[in-house]
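A closer look at the structure
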Amino acid sequence: MPELIEDLTAIPNVLVITSRPLSAFTTIGVGGMPRAIVRTNTNAAAKQVLDYLDHMDIPSLVLGGGSNLVIDDGDLDVVAVQLPGSGVRAGDARYTDHVTIDPKSGAITSDAGITWDDLVQSAIGLGLGGLECLSGIPGSVGATPVQNVGAYGVEIAHILNAVLVYDRQTKAAQWIEPEQLDLGYRTSNLKFQDRRIVFAVQLRGNPDGLSAPLRYTELLRMCDAREGERRPSAKVRTAVLAQRRAKGMVYDPHDVDTASAGSFFTNPVVPDLRPVIERVRFACGDDVAERIPVHPVANGYKLSAAWLIERAGFKKGWPENGVATLSTKHSLAITNRGRATTNDVWNLANQIMEEVERTFGIRLHPEPVAYPPRPRPSS
Ligand SMILES: Cc1cc2nc3c(=O)[nH]c(=O)nc-3n(C[C@H](O)[C@H](O)[C@H](O)COP(=O)(O)OP(=O)(O)OC[C@H]3O[C@@H](n4cnc5c(N)ncnc54)[C@H](O)[C@@H]3O)c2cc1C
């Protein structure tokens, strides 16, 4: 162990932390003690650290903002690696070493470790549009293509130009086009793998400063817009942040309803609606069966995981007085009320998944990434 720390510390442009559990680096506040956390300041340093760990066969975990991770408790045989830009906030002198924004062309380039919402705020501050609906999503820039983050009808896929990916097997870093990432609903071929690491991201903002066309009823009302209209990005950002705060979807260390990994389950897609309607009719009655929220998509029908969870009997805040509970503001977020262990989080998740499947015949899938990886059921 001392040798490992010495070797890592000897790499230029890294900071090695050995005294802090990963629970301090995840928004849900769980995660045990790693062998080390290594913060890197340049892509060359990140490459050197990853290559060293791979060469020594030491397990590693690329750690962004920890807002989509559920990490086991206890002593962990892993080194967590933070990428350049981590801990550098907008306004810090070093921010411009990691971020460039051209207000004329709308081109935005950022290193992976930069906080996503800082980048959104800077781009909007410089008069760009297109990113505003993604305001307030916690975590790092580098993780945004990993699960194709999205909110209010906009996904990172809509504004992504290119991604600098480091392949740990070939040891080459290369800018690649979004088409090569299989970006889909909360997924890409970068998720649930650790061979290809995002080192930087290039985005395109709208130089006219207007938002993406607005779609969501609540946003349309708040921005005084009709469906498909665009509004100044700063105005839309304010509305998005207000909406998200009301749902506990802006991470705030003082609001326990945000001590989560965001939505814990993805919205399920079913190829055929009829069996679902029959199960809902049987469990909840005709009235409810006629009002199932459904969104037609290319491969079937997208259902609301939150709706299914509530109809299966799990209300916001459930279970009352639990250490891990659903958020009191959002039935899709599992929260740590302060003392939850990782097992508490998974026990609640499993209970919900089993009950939803028993009641409606639909298997929910966790959205966050588990470390160490858990077996993922096929859909
Ligand atoms: C309150 C709250 C609200 C949220 N709202 C939304 C939302 O509206 N929409 C949405 O899509 N998500 C949402 N999320 C989920 C989360 O914020 C996003 O998935 C975010 O992109 C995760 O970024 P991160 O840096 O925290 O990733 P982490 O949690 O640190 O990592 C997640 C996974 O990505 C991997 N990873 C991280 N960085 C890289 C990289 N550079 N290259 C390769 N792999 C990497 C990690 O190894 C891990 O497997 C929310 C979460 C919270 C807590």
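Here, every reference points to the structure presented above.
In this text the structure is predicted, and so the values were computed from the model without any measurement. (Residues numbered from 1 in each chain as written. Predicted model: local features only at pLDDT ≥ 70, side-chain atom pairs only at ≥ 80, totals over all residues. Heavy atoms only, no water.)

What to know about the overall build of the chain
Here is the rule: The numbering of helices and of strands both runs from the N terminus, where a helix is a DSSP run of H or I of at least 4 residues and a strand a run of E of at least 2. Relative accessibility under 20% of the residue-type maximum defines a buried residue, over 50% an exposed one, and the middle range a partly exposed one, all with a 1.4 Å probe and only protein chains included. When checking whether two residues touch, look at their non-hydrogen atoms; a contact exists if any pair is within 4.5 Å. To measure how exposed things are, a 1.4 Å probe is used in the Shrake-Rupley method; for residues, cover is taken only from the protein chains shown. Charge counting follows a simple rule: Lys and Arg are positive, Asp and Glu are negative, and His as well as the terminal groups are ignored. Think of each charge as sitting on NZ of Lys, CZ of Arg, CG of Asp or CD of Glu.
Along the backbone of the chain there are ten helices and 18 strands. For the chain, the spread of C-alpha atoms along the principal axes amounts to about 65 × 50 × 40 Å. The buried share among the 379 residues of the chain stands at 51%. A fraction of 63% describes how many contacts in the chain between residues 6 or more apart in sequence connect residues 24 or more apart. Surface accessibility of the chain: about 17,300 Å² in total, with carbon and sulfur atoms responsible for 50%. Where the 39 positive side-chain charges of the chain centre and where its 43 negative ones centre are 5 Å apart.

Focus: the side chain of threonine 359
The cut-off we apply is this: Two N or O atoms form a polar contact when they lie within 3.5 Å of each other; inside protein one atom must be a possible hydrogen donor and the other a possible acceptor, and for residues adjacent in sequence the pair counts only when both atoms belong to side chains.
Note on placement: threonine 359 falls in helix α10 (residues 342-360). When its relative accessible area of 16% is taken as the criterion, threonine 359 is described as buried. A polar atom in the side chain of threonine 359 sits 2.6 Å from the backbone oxygen of glutamate 355. Those residues within four positions of threonine 359 in sequence are excluded, and the remaining contacts are Arg279, Ala283 and Ala312.

Things to note about the nonpolar core
For clarity, the threshold we go by: To define a nonpolar core, start from buried Ala, Val, Leu, Ile, Met, Phe, Trp, Tyr and Cys residues and group those joined through side-chain atoms within 4.5 Å.
Formed by 41 residues in total, the largest nonpolar core has its most connected members in Trp116, Leu119 and Leu203. For this core, the element with the most residues is helix α4 (residues 116-125), which contributes five residues. Apart from residues lying up to four places away in sequence, leucine 119 is in contact with Tyr95, Val99, Ile101, Ile108, Ser110, Ile114, Val141 and Leu203. Ranked by size, the runner-up nonpolar core spans 36 residues in total, among them Phe264, Leu303, Ala306 and Ile334.

A closer look at the sheet that holds strand β14 (residues 294-297)
Selection rule: Being paired, for any two strands, means DSSP has found at least two bridges between them.
Pairing within the open sheet is antiparallel, and its three strands lie in the order β13-β15-β14. Every interior strand has two partners, whereas the edge strands, β13 (269-270) and β14, have only one. Taken together, the two bridges between β13 and strand β15 (residues 300-303) define a ladder with antiparallel strand orientation. Bridge assignment links valine 270 to a residue of β15, and that residue is tyrosine 301.

Brief notes about the sheet that holds strand β11 (residues 172-176)
Paired through backbone hydrogen bonds, the strands of a sheet run either parallel or antiparallel to each other. As a reminder, the rule being used: Between the N-to-C directions of two axes lies an angle of 0 to 180 degrees, each axis being a line fitted to C-alpha atoms and, for a helix, fitted only over the stretch in contact.
What the five strands build is an open sheet, ordered β6-β7-β12-β10-β11; its pairing is antiparallel. One side of each edge strand has no neighbouring strand; the edge strands of this open sheet are β6 (99-101) and β11. Strand-to-strand twist of the sheet, defined as the mean angle between neighbouring strand axes without regard to direction, takes the value 15°. As paired elements, strand β10 (residues 160-167) and β11 share five bridges and run antiparallel to each other. Looking across to β11, one finds that valine 163 is bridged to isoleucine 176. Relative to the sheet, helix α2 (residues 43-55) contacts β7 (107-111), β10 and β12 (196-204), its axis offset from that of β12 by approximately 155°. Where α4 meets the sheet, its contacts fall on β6, β7 and β12, and the angle it forms with β6 comes to roughly 25°.

With respect to the environment of arginine 186
With respect to the secondary-structure elements, arginine 186 resides in the loop between β11 and β12. A residue is classified by how much of its surface remains accessible, and arginine 186, at 15% relative accessible area, is buried. Along the sequence, arginine 186 and threonine 144 sit 42 residues apart, while their C-alpha atoms lie 9.6 Å from each other.

Focus: the site of the ligand
To be explicit about the condition: When at least one non-hydrogen atom of a residue lies within 4 Å of a molecule or strand, that residue is treated as near it. Throughout, the ten residues Ala, Val, Leu, Ile, Met, Phe, Trp, Tyr, Cys and Pro are labelled nonpolar, Asp, Glu, Lys and Arg are labelled charged, and all others, Gly among them, are labelled polar.
Neighbouring the ligand are 34 residues; Val62, Ser67, Asn68, Ser140 and Gln147 lie closest to it. The separation between an oxygen atom of the ligand and a polar side-chain atom of serine 67 is 2.6 Å. Within the side chain of arginine 186, a nitrogen or oxygen atom sits 3.4 Å from an oxygen atom of the ligand. For the ligand, whose free accessible area comes to 980 Å², the fraction covered by protein is 94%. Looking at the shell around the ligand, the elements with two or more residues in it are β3 (60-62), β8 (150-151) and β12. Here the element with the most residues in the shell around the ligand is β12; it accounts for three residues. Its residues assigned to classes, the shell around the ligand comprises 17 nonpolar, 14 polar and three charged.

Thoughts on the state of the cysteines
Inclusion rule: Pairs of cysteine sulfur atoms within 2.5 Å are what we label disulfides.
In the structure shown here, the tally under the stated rule is zero disulfides. For cysteine 133, which is in no disulfide, the shortest distance to another cysteine sulfur is to cysteine 223 and amounts to 8.2 Å. Taking the relative accessible area as the measure of exposure, cysteine 133 reaches 1% and is therefore buried.

A closer look at the environment of aspartate 167
Tracing the sequence through the fold places aspartate 167 in strand β10. Along the sequence, aspartate 167 and proline 178 sit eleven residues apart, while their C-alpha atoms lie 16 Å from each other. If we skip the residues at most four places from it in the chain, aspartate 167 touches Ala172, Arg195 and Arg196.

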